[in-house]
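# Structure assessment
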Amino acid sequence: MQSAHLLLEEPIRMISILEPSKATFFPAMTKIVGTLGPKSRSVEVIEACLRAGMSVARFDFSWGNNEYHQGTLENLKKAVKGVKKLCAVMLDTVGPELQVVNKNETAIELEADAFVTLTPDSSKEASSQVLPINFERLSQAVKQGDTIFLGQYLFTGSETTSVWLEVADIQGQDVVCLVKNTATLAGSLFTMHVSQVHIDLPTLSDTDKHAISMWGVKNSIDFLSLSYTRHAEDVRQARAFLSKLGDLHQTQIFAKIENIEGLKHFDEILQEADGIILSRGNLGIDLPPEKVFLFQKAAVYKCNMAGKPSIITRVVDSMTDNLRPTRAEATDVANAVLDGTDGILLGAETLRGLYPVETITTVGRICAEAEKVYNQAVYFKKTVKYVGEPMTHLESIASSAVRAAIKVKASVIVVFTSSGRAARLIAKYRPSMPVLAVVIPRLMTNLLKWSFTGAFQARQCLAVRGIFPMLADPRHAAESTSATNESILKIALDHGKAAGIIKPHDRIVVFQKVGDSSVVKIIELEE
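For the chain, the name recorded in an unreviewed UniProt entry is Pyruvate kinase, with Araucaria cunninghamii as its organism. Under the UniProt heading Cofactor (unreviewed entry), the note attached to the chain is "K(+)". For the record of the chain, the UniProt heading Catalytic activity (unreviewed entry) holds the text "pyruvate + ATP = phosphoenolpyruvate + ADP + H(+)".

This paragraph deals with the sheet that holds strand β1 (residues 31-35). Strand order in this closed barrel of eight strands is β1-β2-β3-β13-β14-β15-β16-β17, and the pairing throughout is parallel. With direction set aside, neighbouring strand axes in the sheet form an average angle of 25°. Across four bridges, β1 lies against strand β2 (residues 54-60) in parallel orientation. The residue bridging Val33 from the neighbouring strand is Val56, located in β2. Strands β14 (252-257), β15 (275-278) and β16 (310-313) of the sheet are contacted by helix α9 (residues 289-306), whose axis makes an angle of about 170° with β15.

Here we take up the environment of Asp247. Here Asp247 shows up in the loop between α5 (232-243) and β14. The exposure class of Asp247 is partly exposed, given its relative accessible area of 43%. In the structure, Asp247 is positioned 29 residues away from Lys218 in sequence and 9.7 Å away in space, judged by C-alpha atoms. Setting aside anything within four residues of it in sequence, one finds Asp247 in contact with Ser220 and Phe456.

Turning to the packing of helix α13 (residues 376-387) against helix α14 (residues 393-407), a few remarks are in order. Packing of α13 against α14 brings their axes to within 12 Å, and their N-to-C directions diverge by 160°. Classified by the angle their axes make, α13 and α14 are roughly antiparallel. Every pair of crossing elements has a handedness; the one defined by α13 and α14 is left-handed. Contacts from Gln376, Phe380 and Val387 in α13 reach Glu395, Ser399, Val402, Arg403 and Ile406 in α14.

Rules of the game
Residues numbered from 1 in each chain as written. Predicted model: local features only at pLDDT ≥ 70, side-chain atom pairs only at ≥ 80, totals over all residues. Heavy atoms only, no water. UniProt positions renumbered as here; feature names shortened; annotations may be inferred. Pairing = 2+ DSSP bridges. Helix = DSSP H or I, 4+ residues; strand = E, 2+ residues; numbered from the N terminus. Axes fitted to C-alpha atoms, helices over the stretch in contact; angles between N-to-C directions. Contact = heavy atoms within 4.5 Å. Buried < 20%, exposed > 50% of the residue type's maximum accessible area, 1.4 Å probe, protein only. Parallel < 35°, antiparallel > 145°, perpendicular 65-115°, else oblique. Left-handed = near helix turned anticlockwise from the far one by under 90°.

This is the structure in structure tokens:
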């Protein structure tokens, strides 16, 4: 049976902190999203990333073309087959991202107290005096005294690789800025962020629509990360667009909150989106430093209570170039887990970082340690109180399954599901044991052909904390006879035993449908 978890609120023997962590098949309940790119696109590295704990592969379309990303995805498919682990695919849009293009890729030295001109004239070469940008109306959007930040792949926070500019003058379409800190900008593309200023560009750009309708449709993407989501209408428009693209009507939309506009409309956005990504790079610029933690905690709490996954970015930036995170970064990861986040998104750390596999491993270990001291009992009571009465039938059964699992110290909760909804509802109550979601396909038709659902639903569970999905035989239905369910249950338990999460004499809580009823039962394994 599962051992009792420590709680931070209770006395901890300090010597126990030095005890080595035990290796498990599932490195952590918290999910890790890895961005694949130059340093992480080979089959060998992707296989190592999957073994280390990556459950969602992110493809960032703010750089690279469809052919490049397709090559990476083909390698991902080979790696998934080799490792025999499911991995979801996330397409991250460009959105209304402002960029500086450095065609010749030579390093640009910017000196403090010097002036640099931002111009929409793309014919000009990037230099320490002029930086060409991809937005013609910047001069209309900003005013003297406004703050602009530049850096490669968002902002590292390091004063030597990202620069802070202050608008000094506006000359026609050009914006003249005072450089506030000395920095070296290296690479072909820099992201530009104008602090707390509305940028009049569509959230889903023509470039994004092309990438989704071509690359996304071809590869049946599981998640769309909607960059710079500012209003609930952004999500509705993206969903309407996806609904016209075949299987992509099943694709889940994660709204990426990156600026003050998204923060102001957070509640409405959360209502429309399937999940939330807190992009702390840009948010950390728009918000005063002392307010960043408050937004993170409030946003994660709201996601938890809504039963929708939240993913946090920018946690171990220093591991882009270093083998170990800073003490502050390690603590930041743990605090995100204790706040209740579902996942950690790694960007530059795995895209172009020197240690993609080691980064995933380290983050997974930190998450696992934080989960051991997560106060599940307090969270459970808080969630039940928030949901209130009367609960829906399904939510009542789901919360009861978690309560039963806690009381009998079950090692795992097995849930039979077709849509994944039941598994997500159980995960909403943050059980301290894994949720093994047995996704049973349904036979569907569009009047032209028959097809099975299930693959999308299984992979989409990979973004939710604590859920570990597996696909069942499509010949069985989720609400089939007890004999059929027993055979599927045996397969699920065998999977759990092989993974090392189920042992002889363990107690298992099973959530399933029998006819029109939802049933929770407790079984104790024999030898």
